[in-house]
Amino acid sequence: MKPLLHILFALLLSAVQAAVLRWVGGGSFSLMLPAACVVYLAIHAANVEGSVGAAGVGYVLDLTAGTTKGLMTFLAVVAFVLVRAVNAAVDVRGRWGFAALSAATTLLLSVGALVLVRMAAPVEVAPGVRLLPRMLLEAVLTGAASPLVLGGMKRIDGLFRREDPGLLR
Amino acid sequence: MLQLLKRYRELILVVILLLVPLGVFFARSKKPAERSPVDRAVIWLTSPIEKAVAWTVTGVLNGWNHYVALRGAQERAGELSRELNLLRVEKQQLLQERAEVERLHKLLAFTQASPTRTYVGARVVGIQLAPTGLQLLVIDRGEEDGVVRGKPVVTADGVVGRVHGATGHSAEVLVVADRNSSIAVRVDRTRARANVRGMGKPGACKLDFALRSDDVIEGDLLVTSGTDGVFPRGVPVGKVSQLKKAGNGLFLDAMVIPTVDVTRVEEVLVVTSWEATLPDVMLPAATTGKSP
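Residues numbered from 1 in each chain as written. Chains lettered and ligands numbered in written order. Predicted model: local features only at pLDDT ≥ 70, side-chain atom pairs only at ≥ 80, totals over all residues. Heavy atoms only, no water.

Colleague: Please provide a residue-by-residue account of the overall build of chain B, values included.
Modeller: Within chain B, the regular secondary structure consists of 4 helices and 12 strands. Looking at chain B residue by residue over its 292 residues, the buried ones come to 34%. For chain B, restricting intrachain contacts to residue pairs at least 6 apart in sequence, the fraction spanning at least 24 positions comes to 57%. Carbon and sulfur atoms provide 58% of the accessible area of chain B, an area that totals close to 17700 Å². (Helix = DSSP H or I, 4+ residues; strand = E, 2+ residues; numbered from the N terminus. Buried < 20%, exposed > 50% of the residue type's maximum accessible area, 1.4 Å probe, protein only. Contact = heavy atoms within 4.5 Å. Areas by Shrake-Rupley, 256 points an atom, 1.4 Å probe, with all protein chains shown as cover.)

Encoded structure:
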């Protein structure tokens, strides 16, 4: 149930992001807010529900970004694994850390997609390295907005938290 | 084996989650993207959200633009309104000045067309067109400017009247339409003689002493004949209208519409002296005149 809610939240984020970008900037820059969901799952979720949730978020990214199916799903799971590894080495707790990790994940997803598409797609349709500045901007903006996603994901997790019996507060 | 699977189930799941999408990606990367019904259903879910966000953003923007951003609009509108009023007044003044310049140009052209005459230009400073009294204009030139009783007063359009009385710096002009005014005229087209007499109200004169046998038609221009010793010859007086030829009697019955509307005239010329000879444009070949 929880991964499904995470996926639905990612879907909501994608929709809001698309609508907001239509009004703010008019497409001159982009965001990848669901990437922050992957980071959250990597930090806070268990292995199974986190990886399933990350795959689901990747599927949402595939759908909303219009990429070839499987691309962002694969990359989201890769990002999940990598962030989990990073989180094992460096304990990420604060908002700034989360934002930095979200920005890095966004960049990883973008660059990963660039590399994979260049590998798979015909040369004439493959994206070029000229997109890198745009990817950097997207990563920075997503990182800046990621604390909002953190708050949303925490609320969803809060719905599933059980009070320990006998605990006095 | 089952135990092994159970032990590494999480790892296996992650590997599956990595390999399956990768396989799907490479399998589909050469084909054009197609969306399954499930994909379309998921995309469809996002549509109301996007619409709601668009509605909210539009509402907020409208609220901002139509309410919050209009702070100070009333003051600005007031300022603009005041500015507009000033500009309107300025425009009105400019229009008046332009009209005045045009009138003065016309008068100047008139004076240049008759170089043998001398004129004193004057402004109309008062009008007395009481139905029971005399029909008078007051001008701002008087005896000290050479304006004396009896001098003809004209504009570029024609006769205004004659000086009825003068003081040092002002004079009264008895207009053509006054009952006491009678001007000797000729029909410009046929040179037939007649008189134009005022009827006591602006714009209304009568044609007197035009013989029934004379060739006069409605619309004929009447010009001063100069035979009355007051007006120089050839100055337009009015046009014949409402012409009636009675079955009997000596004279024609007709009205005259003065060429100068005294209710609107602002600048006039007082003719202080003139020669008998008039410019060719105003003189018919056979006529002669006399100076006062």
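Colleague: Lay out the overall build of chain A with the relevant residues and their values.
Modeller: Per the secondary structure count, chain A includes 6 helices and 0 strands. Put simply, chain A runs from its N terminus to its C terminus through helices and strands in the order α-α-α-α-α-α. Here chain A holds 169 residues, and 49% of them are scored as buried. Counted over contacts in chain A with a minimum sequence separation of 6, partners at least 24 positions apart contribute 74%. About 8500 Å² of surface is accessible on chain A, with carbon and sulfur atoms providing 66% of the total.

Colleague: Help me get a handle on the packing of aromatic side chains, residues and values and all.
Modeller: All names here are of chain B. Summed over all chains, the structure comprises 3 aromatic pairs over all chains. Ring centres 5.8 Å apart and planes at 55° place the aromatic pair Phe 110 and Tyr 119 in the tilted group. Like Tyr 119, Phe 110 is buried. (Phe/Tyr/Trp six-rings, centres within 6.5 Å; stacked < 30°, edge-to-face > 60°.)

Colleague: Can you break down the pattern of salt bridges residue by residue, with the values?
Modeller: Under the counting rule described, the total for this entry stands at 14 salt bridges over all chains. Among the ionic pairs, Lys 2 of chain A bridges to Glu 49 of chain A, the shortest N-O distance being 3.6 Å. Taken together, the residues span a long stretch of sequence, with Lys 2 of chain A in helix H1 (residues 2-23) and Glu 49 of chain A in helix H3 (residues 47-65) at a distance of 47 residues. Two residues, Arg 103 of chain B and Glu 267 of chain B, come together in a salt bridge whose shortest N-O distance is 2.6 Å. Note that Arg 103 of chain B is positioned in helix H4 (residues 73-113) and Glu 267 of chain B in strand S12 (residues 267-273), a separation of 164 residues in sequence. (Salt bridge = Lys/Arg side-chain N within 4 Å of Asp/Glu carboxyl O.)

Colleague: Break down the packing of helix H2 (residues 34-44) of chain A against helix H6 (residues 132-159) of chain A for me, citing the residues and quoting the values.
Modeller: All names here are of chain A. Closest axis-to-axis distance for the H2/H6 pair is 9 Å, and the angle between their directions is 50°. One element, H2, and the other, H6, form an angle in the oblique class. In terms of crossing hand, the pair formed by H2 and H6 is right-handed. Contact with H2, carried on its side by Ala 36, Cys 37, Tyr 40, Leu 41 and His 44, involves Ser 146, Val 149, Leu 150, Met 153, Lys 154 and Asp 157 of H6 and no other residues of that element. Residues belonging to the contact of H2 with H6 are distributed by class as follows: 7 nonpolar, 2 polar and 2 charged. (Axes fitted to C-alpha atoms, helices over the stretch in contact; angles between N-to-C directions. Parallel < 35°, antiparallel > 145°, perpendicular 65-115°, else oblique. Left-handed = near helix turned anticlockwise from the far one by under 90°. Nonpolar A, V, L, I, M, F, W, Y, C, P; charged D, E, K, R; others polar.)

Colleague: Can you explain H4 of chain B? Please cite residues and give values.
Modeller: Residue and element names in this part refer to chain B. With 41 residues, H4 extends 58 Å between its outermost C-alpha atoms, agreeing within 8% with the 60 Å of an ideal straight helix rising 1.5 Å per residue. Among the residues making up H4, those that are buried are Leu 107, Phe 110 and Thr 111. Close packing links the buried residues of H4 with strand S1 (118-129), strand S3 (152-155) and S12. (Expected span 1.5 Å × (residues − 1).)

Colleague: Any chance you could break down the sheet that holds strand S6 (residues 182-187) of chain B for me, citing the residues and the numbers?
Modeller: Residues and elements named next belong to chain B. Read around the closed barrel, 6 strands run S6-S7-S8-S11-S10-S9, paired in antiparallel fashion. Averaged over all neighbouring strand pairs, the angle between strand axes comes to 40°, with direction disregarded. Pairing of strand S9 (residues 221-224) with strand S10 (residues 236-244) involves 3 bridges; the strand directions are antiparallel. Across the sheet, the residue bridging to Val 223 is Pro 236, located in S10. (Pairing = 2+ DSSP bridges.)

Colleague: Can you break down the nonpolar core residue by residue, with the values?
Modeller: With 46 residues, the main nonpolar core has Cys 37, Leu 71, Met 72, Leu 75, Leu 109 and Val 149 of chain A as its most contacted residues. Those elements that provide at least two residues to this core are H1, H2, H3, helix H4 (71-89), helix H5 (95-120) and H6 of chain A together with helix H2 (9-28) of chain B. Ignoring sequence-local partners within four residues, the contact set of Leu 75 of chain A consists of Leu 109, Gly 112, Ala 113 and Leu 116 of chain A. Membership of the second largest hydrophobic core comes to 45 residues, among which are Val 120, Ile 183, Leu 222 and Val 262 of chain B. (Core = buried A, V, L, I, M, F, W, Y, C linked by side-chain atoms within 4.5 Å.)

Colleague: Tell me about unusual backbone geometry, and name the residues and values.
Modeller: Trans peptide bonds make up most of the peptide bonds, and negative phi angles are found at most residues other than glycine. Residue and element names in this part refer to chain B. Even without being glycine, Arg 191 reaches a positive phi, approximately 65°. Position of Arg 191 among the secondary structure elements: in the loop between S6 and strand S7 (193-201). Exposure remark for Arg 191: the relative accessible area of 22% places this residue in the partly exposed category. A positive phi angle is found at Gln 242, which is not glycine, with a value near 50°.

Colleague: Lay out the confidence of the model for chain A in plain terms, naming residues and giving numbers.
Modeller: Averaged over chain A, the pLDDT score is 85; the fraction of residues at 70 or greater is 91%. Taken element by element, chain A is modelled with least confidence in H1 of chain A, mean pLDDT 83, and with most confidence in H2 of chain A, mean pLDDT 92. (pLDDT = per-residue confidence, 0-100.)

Colleague: Pulling in residues and values, what's your account of a nonpolar patch on the surface?
Modeller: Residue and element names in this part refer to chain B. There is a patch of nonpolar side chains on the surface, built from Met 1, Leu 2, Leu 4, Leu 5, Tyr 8, Leu 11, Ile 12, Val 15, Ile 16, Leu 19 and Val 20 and spanning about 1100 Å² of accessible area. Of all elements in the fold, only helix H1 (2-7) and H2 reach the threshold of two or more residues within the nonpolar patch. Per-element accounting of the nonpolar patch gives the leading share, 6 residues, to H2. In this structure, Val 15 sits in helix H2. (Patch = residues over 30% accessible without salt bridge, like charges linked within 9 Å, V, L, I, M, F, W, Y side chains within 5 Å.)

Colleague: Describe the sheet that holds S12 of chain B, listing the residues and the values that go with them.
Modeller: Residue and element names in this part refer to chain B. Pairing within the closed barrel is antiparallel, and its 6 strands lie in the order S1-S2-S5-S4-S3-S12. Going across the sheet, the axis of each strand differs from the next one's by a mean of 45°, ignoring polarity. Relative to strand S4 (residues 158-166), S3 is paired through 4 bridges, and the arrangement is antiparallel. Residue pairing in the sheet places Val 153 in a bridge with Gly 161 of S4.

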